[in-house]
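Coordinate inspection notes
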Amino acid sequence: MSDGEIVDRIARFGYRVSVAQIAFTSEPVEDFREARLKRWFRAGAVKVNEPGLLVIEDAQPRPGQRTRDVIVIGLGATRVVMGVEIKPGAPPLAAGSALCRYAPTMEWGAEVKPAPSSKLKSRA
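Residues numbered from 1 in each chain as written. Predicted model: local features only at pLDDT ≥ 70, side-chain atom pairs only at ≥ 80, totals over all residues. Heavy atoms only, no water.

**What to know about the sheet that holds strand β3 (residues 53-59)**
Paired through backbone hydrogen bonds, the strands of a sheet run either parallel or antiparallel to each other. Read across the open sheet, the five strands follow the order β1-β5-β4-β3-β2; overall the sheet is antiparallel. One side of each edge strand has no neighbouring strand; the edge strands of this open sheet are β1 (22-25) and β2 (45-50). Direction aside, the axes of adjacent strands within the sheet are offset by 15° on average. In this structure, β1 lies alongside strand β5 (residues 78-82), joined through four bridges in antiparallel fashion. Along β5, the bridge assignment pairs Ile22 with Met82. The strands that helix α1 (residues 3-11) touches are β1, β4 (68-75) and β5; relative to β4, the one it contacts most, it runs at about 130°. Each of β1, β2, β3, β4 and β5 touches helix α2 (residues 29-38); the most contacted strand, β3, lies at about 30° to it. (Pairing = 2+ DSSP bridges. Helix = DSSP H or I, 4+ residues; strand = E, 2+ residues; numbered from the N terminus. Axes fitted to C-alpha atoms, helices over the stretch in contact; angles between N-to-C directions. Contact = heavy atoms within 4.5 Å.)

**Some words on α2**
Residues of α2 that are buried include every one of Val29, Phe32, Arg33, Ala35 and Arg36, and no others. For α2, the arc enclosing every buried residue in end-on projection is 170°, short of the 170-degree limit, so these residues lie on one face. Projecting away from the buried face of α2 at angles above 90 degrees are the exposed residues Leu37 and Lys38. (Buried < 20%, exposed > 50% of the residue type's maximum accessible area, 1.4 Å probe, protein only. Arc of directions from axis to C-beta.)

These figures come from the coordinates and say nothing about function on their own.
So, in structure tokens, the structure goes:
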């Protein structure tokens, strides 16, 4: 499916987005259903709940986040997610970033680099 076809598919639900506003993940749609019920601050209202498709209105996944509508569309091995919040200072959503998990937090943050180890290695 091309970028244009994905944007058109989301437009069928009444949303205008660009590919830069869409996240791609390998998380199953079921992970989003479960996170919505068990982890999100405000679950929002389910508008569409079908195999491979979930549309939620007025969700607030984490306290302090804005409410938003969320769409998760299954495309075989990859899912398309509209509604991921890009935190200030974060790079644009990475294209094809299928290993990222969005369901629990629905946010994409700035990369956190581990602090250098302060342990000194001893030589034998």
